[in-house]
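# What the coordinates show
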Amino acid sequence: QVQLVESGGGLVQAGGSLRLSCVASGLASSAYNMGWFRQSPGKEREFVAAISTSGLKITTADSVKGRFTISRDNTKSTVYLQMTNLEALDTAVYFCAADLPRPPSENPQSAETYDYWGQGTQVTVST
């Protein structure tokens, strides 16, 4: 069965950096679009960034654009989220998600697009 496991979360001061990793198993890395979402207690799941199967098409939420970078290494079945200049509002549980593309073209920013989800990793930004 497909499994996604996130890691790299932790406590960091505002302005600091973290890199999250998501290792996928049970699927062909090149066959899935990948995304990062985040969620705080009592709030809806929020889109962060997405990357296409080839890694050439990237979508980033306005709230993190210029600060967060998504990337992938299909040889390692891993997708990354490099986070810089972290702010208190970035505090959340970050989830990795995988999407098997199917026509018509899907919206990578919608959680409904994704087929598999990891358990999440906590990111806490102190001020």
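This text goes with the structure placed above it.
The rules behind the values
Residues numbered from 1 in each chain as written. Predicted model: local features only at pLDDT ≥ 70, side-chain atom pairs only at ≥ 80, totals over all residues. Heavy atoms only, no water. Pairing = 2+ DSSP bridges. Helix = DSSP H or I, 4+ residues; strand = E, 2+ residues; numbered from the N terminus. Axes fitted to C-alpha atoms, helices over the stretch in contact; angles between N-to-C directions. Buried < 20%, exposed > 50% of the residue type's maximum accessible area, 1.4 Å probe, protein only. Lys, Arg positive; Asp, Glu negative; His and termini not counted. Salt bridge = Lys/Arg side-chain N within 4 Å of Asp/Glu carboxyl O. Polar contact = N/O pair within 3.5 Å; in protein donor to acceptor, adjacent residues only side chain to side chain. Core = buried A, V, L, I, M, F, W, Y, C linked by side-chain atoms within 4.5 Å. Contact = heavy atoms within 4.5 Å.

## Some words on the sheet that holds strand S1 (residues 3-7)
- Reading across the sheet, the four strands line up as S1-S3-S8-S7 and stay open at both edges, with antiparallel pairing between neighbours. Among the strands making up the open sheet, the edge pair consists of S1 and strand S7 (68-73). Strand-to-strand twist of the sheet, defined as the mean angle between neighbouring strand axes without regard to direction, takes the value 15°.
- Bridge count between S7 and strand S8 (residues 78-83): six bridges; the pairing is antiparallel.

## Focus on the side chain of glutamate 6
- Positionally, glutamate 6 belongs in strand S1.
- Arginine 45 provides the closest opposite charge to the buried, unpaired glutamate 6, separated from it by 9.4 Å.
- A polar contact of 2.7 Å, which involves the side chain of glutamate 6, links it to the backbone nitrogen of cysteine 96.
- Of note is the side chain of glutamate 6, whose polar atom sits 3.1 Å from the backbone nitrogen of glutamine 119.

## Quick word on unusual backbone geometry
- Backbone geometry places serine 77, a non-glycine residue, at a positive phi of 50°.
- One non-glycine residue, asparagine 85, lies in positive phi territory at about 50°.
- Using a relative accessible area of 44% as the deciding quantity, one classes asparagine 85 as partly exposed.

## What to know about the nonpolar core
- Core analysis: the largest hydrophobic core is formed by 34 residues, its most contacted members being Met34, Trp36, Leu81, Met83 and Tyr94.
- Broken down by secondary-structure element, the contributors of at least two residues to this core are strand S3 (18-25), strand S4 (33-39), strand S5 (46-51), S7, S8, strand S9 (92-99) and strand S11 (121-126).
- Discounting chain neighbours no more than four positions away, the residues touching tyrosine 94 are Glu6, Leu20, Trp36, Phe37, Arg38, Val48, Phe68, Leu81, Met83, Gly120, Thr121 and Val123.

## A word on the pattern of salt bridges
- This structure, assessed with the given rule, holds seven salt bridges.
- Here arginine 38 makes a salt bridge to aspartate 90, at a shortest N to O gap of 2.9 Å. Taken together, the residues span a long stretch of sequence, with arginine 38 in strand S4 and aspartate 90 in the loop between S8 and S9 at a distance of 52 residues.
- Relative accessible area serves as the criterion here: at 5%, arginine 38 is assigned to the buried category.
- The class for aspartate 90 is buried, based on a relative accessible area of 2%.
- One salt bridge connects arginine 102 with glutamate 106, and the closest N-O pair in it is separated by 3.5 Å.
- Assessed through its relative accessible area of 25%, glutamate 106 is described here as partly exposed.
- Here the salt bridges share partners, and the residues they tie into one network are Arg38, Glu46, Arg67, Glu87 and Asp90.

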